[in-house]
There are 2 protein chains.
Amino acid sequence: MSERDTRGELLDLAEKLVRTRGYNGFSYRDLAGQIGIKTASVHYHFPTKGDLGEAMVENERELFARNLARLDAEEKDPQRRLERFIQLFQASTIGCDNRMCLGAMLAVEQETLPEPVRRAVLRLFEHNEAWLAKVLEEGREQQTFRFKGPADGAARFVFSALEGALLMARAFRDVGRFEAATRWIIESLSD
Amino acid sequence: MSERDTRGELLDLAEKLVRTRGYNGFSYRDLAGQIGIKTASVHYHFPTKGDLGEAMVENERELFARNLARLDAEEKDPQRRLERFIQLFQASTIGCDNRMCLGAMLAVEQETLPEPVRRAVLRLFEHNEAWLAKVLEEGREQQTFRFKGPADGAARFVFSALEGALLMARAFRDVGRFEAATRWIIESLSD
DNA sequence: GTCTATAAGATGATAGAC
DNA sequence: GTCTATCATCTTATAGAC
């Protein structure tokens, strides 16, 4: 991880702020104040806010890769893998200060972001969807999942439904909404 | 509508800006510049940005009520009503400059909003869900929809899945993603 | 790496004239 | 209703000392 040095602290705090307040909802002043340094020092680590944004998404992509590699190693059953993915998604969002998904927050604000950040977000989404497609296809071969068409389509549906469930659960500050939605999603794959 | 007077123009422009750039992604300066007046004049119509936010959501709630009343009058079949609702949702979002749903955009930024705006957004969501629940229940009674448990739960699922589909389709700037998701949603109600 | 100092511009907002 | 003028504050960012 990258938590002990100032750069890592800044990255973590910035991520928290983006995920609760949005990219345009925090400033270098907030970062500096909460960490106890001056804004000039923040600029030393991340010259522009765009640099900070890119680093955050890159960080998230690595975390995602590590988490899913571990998940693949620990769990072989497709249904269980999907459930664990959803747990991971929930624990890092509504389960953590009612945060939004980093990619979703940035995607929503895409028009105000530097292009490299926007592209990094799309790559992050694609990695998520690719992992889901793999798990769903395995599950279909083992008859635990049932759906029509390419697994990509199912993966896109599952991921987008999770993002929507998060958005609404977070709006109402009601984890129950998220959990209810996940039951609908899983059930729609096993009719 | 409210398009001919300055207040109406401001409301429309502000809504467009919120739905493309977010509440924190535009300023009174943007409004004034694009309409051709000064920021002081904007403050005459909406003393604070919070007032503007409230008025926008109120405006949207009225539009929503009018649209759905018309839809109820024009269409009786539950399946067709749901499809028309989705068309309406699509046409006013990705179908319109790749805009986000107003409620979703504001919900995502909730932590930075005045409380009255946040509460207005929740009411808007609840109205959408209530209409959907009514349609879904009718459809179940007529055997066109099939789902378990209270219609409220199904309505929440449908609405959150639509919001998620919009979020992802807008991120990738690909209407096809939205349309594919709607097919999954409708199909999950008729297995 | 962190600081002080500073910049140029943006932001939400108000007072008061026309 | 719209303007000019002005506000205090915030925002991202840089130069240069320690």
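Given the structure is predicted, the values throughout are model-derived calculations rather than measurements.

Conventions used here
- Residues numbered from 1 in each chain as written.
- Chains lettered and ligands numbered in written order.
- Predicted model: local features only at pLDDT ≥ 70, side-chain atom pairs only at ≥ 80, totals over all residues.
- Heavy atoms only, no water.
- Helix = DSSP H or I, 4+ residues; strand = E, 2+ residues; numbered from the N terminus.
- Buried < 20%, exposed > 50% of the residue type's maximum accessible area, 1.4 Å probe, protein only.
- Areas by Shrake-Rupley, 256 points an atom, 1.4 Å probe, with all protein chains shown as cover.
- Lys, Arg positive; Asp, Glu negative; His and termini not counted.
- Charge placed at Lys NZ, Arg CZ, Asp CG, Glu CD.
- Contact = heavy atoms within 4.5 Å.
- Near = heavy atom within 4 Å.
- Polar contact = N/O pair within 3.5 Å; in protein donor to acceptor, adjacent residues only side chain to side chain.
- Nonpolar A, V, L, I, M, F, W, Y, C, P; charged D, E, K, R; others polar.
- 1 Å grid on protein atoms, 1.4 Å probe; cavity = no way out; pocket = protein on both sides within 12 Å on 5 of 7 lines; lining within 4 Å.
- Points joined across faces, edges and corners; volume = space filled by probe spheres on them.
- Expected span 1.5 Å × (residues − 1).

1. Topic: the overall build of chain A
Moving on, step 1. If you tally the helices and strands in chain A, you get 9 helices and 0 strands.
Moving on, step 2. Counting helices and strands in the order they occur from the N terminus, chain A gives α-α-α-α-α-α-α-α-α.
Moving on, step 3. Taken along its principal axes, the extent of the C-alpha atoms in chain A is 60 × 35 × 30 Å.
Moving on, step 4. Residues classed as buried in chain A amount to 53% of the 191 residues present.
Moving on, step 5. Carbon and sulfur atoms make up 49% of the accessible area of chain A, which totals about 8400 Å².
Moving on, step 6. With 28 positive and 31 negative side-chain charges, chain A shows a separation of 3 Å between the mean positions of the two kinds.

2. Here we look at the environment of leucine 13 of chain B
All names here are of chain B.
Moving on, step 1. Tracing the backbone through its elements, the reader meets leucine 13 in helix α1 (residues 6-21).
Moving on, step 2. Judged by relative accessible area, leucine 13 falls into the buried class, the value being 13%.
Moving on, step 3. When residues no more than four places from it in sequence are discounted, the contact partners of leucine 13 are Asp30, Leu31, Gln34 and Ile35.

3. Details of the protein's contact with DNA strand C
Moving on, step 1. Taken together, the neighbourhood of DNA strand C is formed by 17 residues, with Lys38, Ser41 and His45 of chain A together with His43 and Lys49 of chain B sitting nearest.
Moving on, step 2. Close to the protein, within 4 Å, the atoms of DNA strand C are drawn from sugar and phosphate at a rate of 70%.
Moving on, step 3. With respect to DNA strand C, the side chain of serine 41 of chain A contributes an N or O atom lying 2.8 Å from a phosphate oxygen.
Moving on, step 4. Between lysine 49 of chain B and DNA strand C, the recorded distance is 2.8 Å, taken from a backbone N or O atom to a phosphate oxygen.
Moving on, step 5. Mapped onto the surface near DNA strand C, the elements with two or more residues apiece are α3 (39-45) of chain A together with α2 (28-35) and α3 (39-45) of chain B.
Moving on, step 6. For the surface near DNA strand C, the per-class residue count stands at 7 nonpolar, 7 polar and 3 charged.

4. A few points about unusual backbone geometry
Residue and element names in this part refer to chain A.
Moving on, step 1. With a phi angle near 55 degrees, asparagine 98 is a residue other than glycine that sits in the positive phi range.
Moving on, step 2. In this fold, asparagine 98 is placed in the loop between α5 (78-91) and α6 (102-108).
Moving on, step 3. Of the residues examined, asparagine 98 reaches a relative accessible area of 14% and is grouped as buried.

5. Side note on empty space enclosed by the protein
Moving on, step 1. All chains considered together, the criterion is met by 5 cavities of 30 Å³ or more.
Moving on, step 2. Considered as a void within the structure, the largest cavity measures approximately 80 Å³ in volume.
Moving on, step 3. In terms of lining residues, the largest cavity is bounded by Gly153, Arg156, Phe157 and Ser160 of chain A together with Ala165, Met168, Arg177, Ala180, Ala181 and Trp184 of chain B.
Moving on, step 4. For the lining of the largest cavity, the secondary structure elements donating two or more residues are α8 (151-172) of chain A together with α8 (151-172) and α9 (175-188) of chain B.
Moving on, step 5. Here the residues of the lining of the largest cavity sort into 6 nonpolar, 2 polar and 2 charged.

6. Digging into helix α7 (residues 115-141) of chain B
Moving on, step 1. End to end, α7 of chain B covers 39 Å across 27 residues, agreeing with the expected 39 Å (1.5 Å per residue, within 8%).
Moving on, step 2. One or two positions beyond α7 of chain B, positive phi appears at glutamine 143 of chain B, with a value near 65 degrees.

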